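Each chain is listed here by its residues.
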Amino acid sequence: MPKNTKNPGHSRALTRTHKIAIAGVATLGAAAVAISAVPSNAQSTTAEAPAGKVAYSSEQIKDVKASVTDQLADASLKAEQIAAKKKAAAAHAKHKAAVAHAKHKAAVAAAKKKAESARKAKAAASRSAQRAAVKPVAAKTYANNLDGWIKNALDIMDKKGIPGTYSGLHRNIIRESSGNPNAINNWDINAINGVPSIGLLQVIKPTFDAYHVAGTAHSQYDPVANIVAAANYAADKYGSIDNVDSAY
């Protein structure tokens, strides 16, 4: 017998079906040898076989063939059943894996959606908080009268560091103009020199220009601008408008 030159030292494993087929073939071969040993003129059912030889009838051969055929069919059926079970098991495993994958994918999508909703809610809350934090404060309003003018002037003076109190401003305004922002002096020395005293605290133009406070109207007739400029001048000359009790 030639040696196996492709895979030395190894032989193919025989399946159960192969083994059964080989056994069947061997049996048939033995039967065939026995039949060939029977003389042609011998009676299969009555004649005795020669000494040392075994005679087989045609019925026995048929039985052997049928038995081998049945064994082969049974082995083939079992092989098909095993293959079918394996195929079903593989299909079930594949289906199970697909279901698990689908569940995992759905869970990931749900988690992602939940996280996105939480992020949007957090962002919306943050924007609301920011809007609340930067909500503009309504501007403070003042009455358009002497009380409102003095209070407005005091707030500006406080921001600019100009000293003075409500009572000090009110006292001097009443003495100088009786609270009339359009009051003008046309008879004193300033008027004779062409620079009459104007407004609530009777300020001349050069003094108003020199002590005008940025952010107020640039007009002697504006009540708030007039008060703040006069208070700024009084702070420079007398320390505070509160220290003024006569013409200044």
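Before reading on, note that the structure itself is shown above.
Below is a summary of the structure that appears in this document. Here the residue numbering is sequential within each chain, running from 1 through the sequence in written order. A pLDDT threshold of at least 70 governs which residues receive local features in this predicted model, and a stricter bar of 80 or more applies before side-chain atom pairs are shown or counted, although totals over entire chains, interfaces and linings include all residues. Note: side-chain values were computed over all heavy atoms of the structure, leaving out hydrogens and water.

## A short note on the overall build of the chain
Counting its secondary structure elements, the chain contains seven helices and zero strands. Counting from the N terminus, the helices are the DSSP runs of H or I reaching at least four residues and the strands are the DSSP runs of E reaching at least two. In sequence order, the secondary structure elements of the chain are arranged as α-α-α-α-α-α-α. When accessible area is computed with a 1.4 Å probe and restricted to protein chains, residues below 20% of their type maximum are described as buried, those above 50% as exposed, and intermediate ones as partly exposed. In the chain, buried positions account for 23% of the 248 residues. Here a residue-residue contact requires only that any non-hydrogen atoms of the pair lie within 4.5 Å. Residue pairs in contact within the chain that sit at least 24 positions apart in sequence constitute 51% of those at least 6 positions apart.

## Looking at the pattern of salt bridges
Whenever Lys or Arg places a side-chain nitrogen within 4 Å of a carboxyl oxygen from Asp or Glu, that contact is recorded as a salt bridge. Considering all chains together, one arrives at seven salt bridges under this definition. Residues Asp155 and Lys140 are paired through a salt bridge, measuring 3.1 Å at the closest nitrogen-oxygen approach. With Asp155 in helix H3 (residues 146–160) and Lys140 in the loop between helix H2 (58–133) and H3, the pair connects residues that are 15 residues apart, well separated along the chain. Residue Asp155 is classed as partly exposed on the basis of its relative accessible area, which comes to 26%. When its relative accessible area of 58% is taken as the criterion, Lys140 is described as exposed. For Asp209, the salt bridge identified is with Lys205, shortest N-O distance 2.7 Å. You can see Asp209 and its partner Lys205 sitting in helix H6 (residues 205–211), four residues apart, about one turn around the helix. Judged by its relative accessible area of 35%, Asp209 is partly exposed.

## Remarks on H3
Helix span, as expected, comes to 1.5 Å for every residue beyond the first. With 15 residues, H3 extends 21 Å between its outermost C-alpha atoms, agreeing within 8% with the 21 Å of an ideal straight helix rising 1.5 Å per residue. Among all positions in H3, only Leu146, Gly148, Trp149, Ile150, Asn152, Ala153, Leu154, Ile156 and Met157 are buried. Turning to H3, the residues buried within the fold contact helix H4 (166–177) and helix H7 (223–238). Pairs of N or O atoms within 3.5 Å make up the polar contacts considered here, provided that, within protein, one atom can donate a hydrogen while the other can accept it, and that residues adjacent in sequence are counted only when both atoms are side-chain atoms. Two or three places before Asp147, at the start of H3, stands the capping residue Asn145, its side-chain oxygen 3.2 Å from that residue's backbone nitrogen. At the exit of H3 stands Gly161, carrying a positive phi of roughly 75°.

## Topic: the packing of H3 against H7
Axis definition: a line fitted to C-alpha atoms, limited for helices to the stretch in contact. Angles are taken between N-to-C directions and run from 0 to 180 degrees. At their nearest, the axes of H3 and H7 sit 9 Å apart, and the two run at 50° to each other. Considering their axes alone, H3 and H7 lie oblique with respect to each other. When the axes of H3 and H7 are compared, the crossing they make is right-handed. Along its contact with H3, which presents Trp149, Ile150, Asn152, Ala153, Ile156 and Met157, the element H7 presents Pro223, Val224, Ile227, Val228 and Ala231. In what follows, roughly perpendicular refers to angles from 65 to 115 degrees, roughly parallel to angles under 35, roughly antiparallel to angles over 145, and oblique to any angle outside these ranges. The sense of a crossing depends on the near helix, which, turned anticlockwise from the far helix by less than a right angle, makes the crossing left-handed and, turned clockwise, makes it right-handed.

## Thoughts on the side chain of Gln202
Checked against the element boundaries, Gln202 lands in the loop between helix H5 (189–192) and H6. Among the polar contacts made by the side chain of Gln202, one reaches the main-chain carbonyl oxygen of Gly199 at a distance of 2.9 Å. Setting aside anything within four residues of it in sequence, one finds Gln202 in contact with Glu176, Ser177, Ala183, Ile184, Asn185, Ser197 and Asn226.

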